[in-house]
Amino acid sequence: MKSLVIYFSCYGSTEEFAKEISEVVDGDLFRIEPKIPYDDDTNHYEELTEYAKKERDRKILPEIKEYPDVSSYDVIFIGYPMWWYTYPQIIRTFIHNVDLKGKTIIPFNTHEGSGDGGTYKELQDELKDSKVLMGLPIRGENMKYNQKGNIKEWLDSLPINF
Ligand SMILES: Cc1cc2nc3c(=O)[nH]c(=O)nc-3n(C[C@H](O)[C@H](O)[C@H](O)COP(=O)(O)O)c2cc1C
């Protein structure tokens, strides 16, 4: 049974992470994209951080362009960058709109210091009818410079035969 690796990424680090996972577990990949794209120009980093903060504080749920069909997957990875000490609001949109009941969820994220920021626990609290396994946080910079660290080790340590 194939796994599905779902991710949101603005600047590409989380995408690298997702691709690495999908290669190791031979899983399918799906990129979550907002209907209204975020400004991913690195020269506008501050504007994006301000915008993302508003989005979080006002509990805005940005619309998603297209949803994957998750029905045939038992194991679903969900990946995201840390945004303001939590997951981006678009991940909230996703989990509110997709039926993940009975699925095994494996979170992963990139960050620049916050680790997973408590989001793996938050996911388990939100997804009461799913089983959330231990995730892996990696510094975004480490993905960019191709230091994939212990992704394979982490995947091997999970109680799943990929
Ligand atoms: C809007 C915004 C908020 C961020 N907030 C945090 C944070 O709270 N903690 C942290 O460690 N990194 C934070 N970062 C850094 C990103 O999590 C990090 O650069 C990540 O690897 C970017 O992933 P991406 O390349 O897939 O977009 C933030 C970045 C952005 C753009």
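Scroll up for the structure.
All values derive from a computational prediction rather than experimental measurement. (Residues numbered from 1 in each chain as written. Predicted model: local features only at pLDDT ≥ 70, side-chain atom pairs only at ≥ 80, totals over all residues. Heavy atoms only, no water.)

**Side note on the site of the ligand**
In step 1: Looking at the ligand, there are 21 residues lining it, with Ser9, Tyr11, Thr14, Met82 and Ser114 nearest.
In step 2: Ser13 is positioned with one of its backbone polar atoms (N or O) 2.8 Å from an oxygen atom of the ligand.
In step 3: Between Gly113 and the ligand, the recorded distance is 3.1 Å, taken from a backbone N or O atom to an oxygen atom.
In step 4: Taking 650 Å² as the accessible area of the ligand by itself, protein coverage stands at 93%. (Near = heavy atom within 4 Å. Polar contact = N/O pair within 3.5 Å; in protein donor to acceptor, adjacent residues only side chain to side chain. Areas by Shrake-Rupley, 256 points an atom, 1.4 Å probe, with all protein chains shown as cover.)

**Structural notes on helix 2 (residues 45–57)**
In step 1: The end-to-end C-alpha separation of helix 2 is 18 Å, in line with the 18 Å expected for 13 residues at 1.5 Å each.
In step 2: Listing the buried residues of helix 2 in full gives Leu48, Ala52 and Glu55. The buried residues of helix 2 occupy one face: seen down the axis, they fall within an arc of 55 degrees. Projecting away from the buried face of helix 2 at angles above 90 degrees are the exposed residues Glu46 and Glu50.
In step 3: Each element contacted by the buried residues of helix 2 is listed here: helix 3 (89–97).
In step 4: Backbone geometry just after helix 2 places Lys59 at a positive phi near 55 degrees. (Helix = DSSP H or I, 4+ residues; strand = E, 2+ residues; numbered from the N terminus. Expected span 1.5 Å × (residues − 1). Buried < 20%, exposed > 50% of the residue type's maximum accessible area, 1.4 Å probe, protein only. Arc of directions from axis to C-beta. Contact = heavy atoms within 4.5 Å.)

**Examining a negative patch on the surface**
In step 1: On the surface, a cluster of negative charge is contributed by Asp39, Asp40, Glu46, Glu47 and Glu50.
In step 2: A relative accessible area of 47% places Glu47 in the partly exposed class. (Patch = residues over 30% accessible without salt bridge, like charges linked within 9 Å, V, L, I, M, F, W, Y side chains within 5 Å. Salt bridge = Lys/Arg side-chain N within 4 Å of Asp/Glu carboxyl O. Lys, Arg positive; Asp, Glu negative; His and termini not counted. Charge placed at Lys NZ, Arg CZ, Asp CG, Glu CD.)

**A closer look at the packing of aromatic side chains**
In step 1: Under the criterion given, the structure shown has 13 aromatic pairs.
In step 2: Aromatic rings pair up to connect Phe17, Phe77, Phe108, Trp154 and Phe162 into one cluster. (Phe/Tyr/Trp six-rings, centres within 6.5 Å; stacked < 30°, edge-to-face > 60°.)

**Quick word on unusual backbone geometry**
In step 1: Phi at Trp84 is positive, roughly 55 degrees, even though this residue is not glycine.
In step 2: As for its position among the elements, Trp84 is in the loop between strand 3 (75–81) and helix 3.
In step 3: The residue Tyr85 is not glycine, and still its phi comes out positive at about 65 degrees.
In step 4: Here Tyr85 lies in the loop between strand 3 and helix 3.

**A few points about the pattern of salt bridges**
In step 1: Applying the stated criterion across every chain yields a total of 12 salt bridges.
In step 2: A salt bridge links Lys53 to Asp57; its shortest N-O distance comes to 3.3 Å. Of this pair, Lys53 and Asp57 both sit in helix 2, four residues apart, roughly one helical turn.
In step 3: For Asp57, a relative accessible area of 43% corresponds to the partly exposed category.
In step 4: The salt bridge partner of Arg56 is Asp57, with a shortest N-O separation of 2.9 Å.

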